[in-house]
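# Geometric and topological summary
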Number of protein chains: 2
Amino acid sequence: MARNGEKTHKAIMDAAEELIMAQGYSATAIDQIIARAGITKGTFFYHFPTKVDLAHELAERYARRDTRQLAGKMEAAEQATPDPALQLLLFLEQFIDIAEQWTTPYPGCLFASFCYEAGLFEDRTTEVMRDSMLVWRTRIADKLRAAAARSEPRLPVDADSLADAVTVVFEGAFIVSRTLDDARIVAQQLRHLQNYLRLLFGLEAAAIERAA
Amino acid sequence: MARNGEKTHKAIMDAAEELIMAQGYSATAIDQIIARAGITKGTFFYHFPTKVDLAHELAERYARRDTRQLAGKMEAAEQATPDPALQLLLFLEQFIDIAEQWTTPYPGCLFASFCYEAGLFEDRTTEVMRDSMLVWRTRIADKLRAAAARSEPRLPVDADSLADAVTVVFEGAFIVSRTLDDARIVAQQLRHLQNYLRLLFGLEAAAIERAA
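Residues numbered from 1 in each chain as written. Chains lettered and ligands numbered in written order. Predicted model: local features only at pLDDT ≥ 70, side-chain atom pairs only at ≥ 80, totals over all residues. Heavy atoms only, no water.

For chain A, an unreviewed UniProt entry supplies the name HTH-type transcriptional regulator LmrA and the organism Thalassobaculum fulvum.

### Considering the interface of chain B and chain A
Taken together, the contact pairs 52 residues of chain B with 52 residues of chain A. Both faces considered, chain B and chain A share a buried interface measuring about 4,300 Å² in area, 69% of it formed by carbon and sulfur atoms. Counting across the interface, chain B meets chain A through zero salt bridges. Between chain B and chain A we count 21 residue pairs in polar contact (both at pLDDT 80 or more) in total. Breaking the side of chain B that touches chain A down by element, the ones donating at least two residues are helix H1 (3-23), helix H6 (110-115), helix H7 (123-150), helix H8 (159-180) and helix H9 (185-201) of chain B. Ranked by residues supplied to the side of chain B that touches chain A, first place goes to H8 of chain B with 16 residues. (Contact = heavy atoms within 4.5 Å. Buried area = accessible area lost by both parts, 1.4 Å probe. Salt bridge = Lys/Arg side-chain N within 4 Å of Asp/Glu carboxyl O. Polar contact = N/O pair within 3.5 Å; in protein donor to acceptor, adjacent residues only side chain to side chain. Helix = DSSP H or I, 4+ residues; strand = E, 2+ residues; numbered from the N terminus.)

### Let's talk about the relation of the copies chain B and chain A
For the pair chain B and chain A, the best superposition has an RMSD of 0.0 Å and corresponds to a rotation of 180 degrees with a translation of 0.0 Å parallel to the axis. Such a turn and shift between the copies fits a two-fold axis. Minimal C-alpha distance to the rotation axis in chain B is attained by glycine 172 of chain B, lying at 1.9 Å. When you check the interface residues of chain B against chain A, 100% turn up at the interface there too, and the contact is symmetric in its surfaces. (Least-squares fit on C-alpha atoms with pLDDT ≥ 70 in both.)

### So, the side chain of glutamine 194 of chain A
Residues and elements named next belong to chain A. Locating glutamine 194 in the fold gives a position in helix H9 (residues 185-201). You can call glutamine 194 buried: its relative accessible area is 1%. Discounting residues that sit within four places of it in the chain, glutamine 194 has contacts with Leu89, Leu92, Glu93, Ile96 and Ile208. (Buried < 20%, exposed > 50% of the residue type's maximum accessible area, 1.4 Å probe, protein only.)

### Re the packing of helix H5 (residues 84-99) of chain B against H7 of chain B
Residues and elements named next belong to chain B. Packing of H5 against H7 brings their axes to within 7 Å, and their N-to-C directions diverge by 140 degrees. In terms of orientation, H5 lies oblique with respect to H7. Each of Pro84, Ala85, Gln87, Leu88, Phe91 and Phe95 in H5 lies in contact with H7, whose residues at this interface are Trp136, Ile140, Lys143, Leu144, Ala146, Ala147 and Arg150. When grouped by side-chain class, the residues that make up the contact of H5 with H7 number 10 nonpolar, one polar and two charged. (Axes fitted to C-alpha atoms, helices over the stretch in contact; angles between N-to-C directions. Parallel < 35°, antiparallel > 145°, perpendicular 65-115°, else oblique. Nonpolar A, V, L, I, M, F, W, Y, C, P; charged D, E, K, R; others polar.)

### A short note on the UniProt feature "domain: HTH tetR-type" (unreviewed entry) in chain A
Mapped onto the present numbering, the UniProt feature "domain: HTH tetR-type" (unreviewed entry) falls at residues 6-66 of chain A. Within residues 6-66 of chain A, the helical portion is 80% and the strand portion 0%, while the C-alpha atoms at the span's ends are 21 Å from each other. (UniProt positions renumbered as here; feature names shortened; annotations may be inferred.)

### Observations regarding the domain arrangement of chain A
All names here are of chain A. For chain A, the assigned domains are domain 1 (1-49) and domain 2 (50-211). Between domain 1 and domain 2, the C-alpha centre-to-centre distance is 28 Å. Opposite the 18 residues of domain 1 that make contact, domain 2 presents 21 residues. Counting across the interface, domain 1 meets domain 2 through two salt bridges. Residue arginine 61 pairs with glutamate 17 through a salt bridge whose shortest N-O separation is 3.2 Å. Of all the secondary structure elements, the ones that give two or more residues to the side of domain 1 that touches domain 2 are helix H1 (3-23) and helix H2 (30-37). No other element matches the nine residues that H1 contributes to the side of domain 1 that touches domain 2. Residue classes in the side of domain 1 that touches domain 2 are distributed as 11 nonpolar, four polar and three charged. (Domains from an automatic or database assignment.)

Spelled out as structure tokens, the structure:
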């Protein structure tokens, strides 16, 4: 695609994502996307043959960004300390730092939005969302297993489901934050998850500060 | 409303809720609700002048049921033990017992579904959802404050945000469970929250079993 075509492609996706996060996928008409992106219907259909194609590309882009967030923040934590439990605390600390800056509720997660309109998408789109969540599970569970090998957790815990707790807290906190119209909730909930890991692995708050 | 009218009213709401949980509110056409409930368009509009009126009544009914769940399970816990921290563990244990029986992912929470289509509802409907979440926060936070007064938690925690964690875990676990098509996730995540409370208040697993 020519440079201009790429820019238009991105503008359509950005407009669609913003509308979908505010009102859902089904309620977002192609006409609204066209109006917001400032393009013609012909241009829209040149880029996206159908609305489900657009939904699929949005899910793919969201998954790519999500995976980049995971990798970037985990690598930063790995560079700060060799201790895997502490790495996980620092991994969460980076998200807490960001979420503490928010002054309005975060619009939420595209996957959660799609999840509650699940009947409307193709299987390949559902797979993108599932694979993305499993990438998080695997990366975090590996770290949890390394942490448990170094020092036994205070309670017996399953690494996969504890890894899922990160996604669970994000997803749940987005919903409660939006519903209560309170921007602080995501940071607060990530802090509770961090507390849980601290208690499980017996880490002091000072250890996070020293490593950060 | 006559007895028959009440039955029809409920049948419309049940049909609508099931469709909305599967595909979202916007995608759920009145024609689909009519077909599923086996009624005429005239009957539908006799009961619900508009679709947003139906949405509002669905939110109200969901909130009533939600509050009943909260009250019933908290009272059962209070009857089993006078210890407020242990009451909270037993409160969660009852939901874990239910969630462990599920063989397919729970369809999720109506409020979460509505949250991601927020632009489509009236303010009074948003208020019903907010009030319902705040009832949970208040009831659970009171219990947490009573528990903290009896025995200092191992880490300093804010009662309100820790109370919100219950709603956060439900909401997040519903989404992850649906996306990964894994029915076990809600019980697993509630268990992690229960573990966190156990570690905070220094309670053994045996204490739950004795009180249950």
